[in-house]
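# Analysis of the macromolecular model
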Amino acid sequence: WGIYNGNLTNGTSTCNGSANTALMPSSYQAVTWVYSLGDGWYLPAIDELNILYWNRYHVNKSGVSGLTLLSYGYYWSSTEYSRNEAFSLNFFTGYADFEQSKSLSYKVRAIRSF
């Protein structure tokens, strides 16, 4: 999420990132970036992020020539675990980590429905 301000957002859905993102304060770096993309974009919930992980080959093939849309590393989800922590997904191992401090800087992949 990129910053810790002690807020509990109640964005605990594991499958509705749009609803979670709407609950996040704009002071978080991840949500500020997502909102800058325009209407409809949101930070995926942990289950949505997991779907991206398992389909990363196809996601990367859909990108602009030579651009890797999803690479190895930790990606933030919009699913909150506690006041201090949120879920992230390790795109190297495929494991979800829930005890990640919101103050950490991880990668962010915005998505939107079409």
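Our subject in this report is the structure included herewith. (Residues numbered from 1 in each chain as written. Predicted model: local features only at pLDDT ≥ 70, side-chain atom pairs only at ≥ 80, totals over all residues. Heavy atoms only, no water.)

In this section: the sheet that holds strand β1 (residues 74-80). On the basis of which strands lie adjacent, the open sheet formed by three strands has the order β1-β2-β3 and antiparallel pairing. For this open sheet the edge positions go to β1 and β3 (96-101), each flanked by a neighbour on one side alone. Neighbour to neighbour, the strand axes of the sheet diverge by 40 degrees on average, direction disregarded. Bridge analysis of β1 against strand β2 (residues 85-90) gives four bridges, and the strand direction is antiparallel. Within β2, the position partnered with Tyr74 by the bridge is Asn90. (Pairing = 2+ DSSP bridges. Helix = DSSP H or I, 4+ residues; strand = E, 2+ residues; numbered from the N terminus. Axes fitted to C-alpha atoms, helices over the stretch in contact; angles between N-to-C directions.)

So, about unusual backbone geometry. Of note in the backbone geometry, Asn10 takes a positive phi value of approximately 65 degrees without being a glycine. Residue position: Asn10 is located in the segment before α1 (17-23). Taking relative accessible area as the criterion, Asn10 reaches 54% and is therefore assigned exposed. (Buried < 20%, exposed > 50% of the residue type's maximum accessible area, 1.4 Å probe, protein only.)

Attention now moves to the packing of aromatic side chains. Within this structure, the stated rule accounts for seven aromatic pairs. Judged by centre distance (4.9 Å) and plane angle (40 degrees), the rings of Trp76 and Tyr106 are tilted. Linking Trp76 in strand β1 with Tyr106 in the segment after β3, this pair joins segments that are 30 residues apart in sequence. For Trp76, a relative accessible area of 1% puts it in the buried group. A relative accessible area of 23% means that Tyr106 is categorised as partly exposed. Both rings, one in Tyr81 and one in Phe87, keep their centres 5.8 Å apart while their planes meet at 85 degrees; by these two values the pair is edge-to-face. (Phe/Tyr/Trp six-rings, centres within 6.5 Å; stacked < 30°, edge-to-face > 60°.)

The next point concerns the pairing of β2. By the criterion of burial, β2 is predominantly enclosed, with five of the six residues buried. Joining the antiparallel neighbours β1 and β2 is a turn of four residues. Judged from the four bridges that link them, β2 and β3 form a sheet pairing that is antiparallel. Its bridge partner lying in β3, Leu89 is registered against Ala96.

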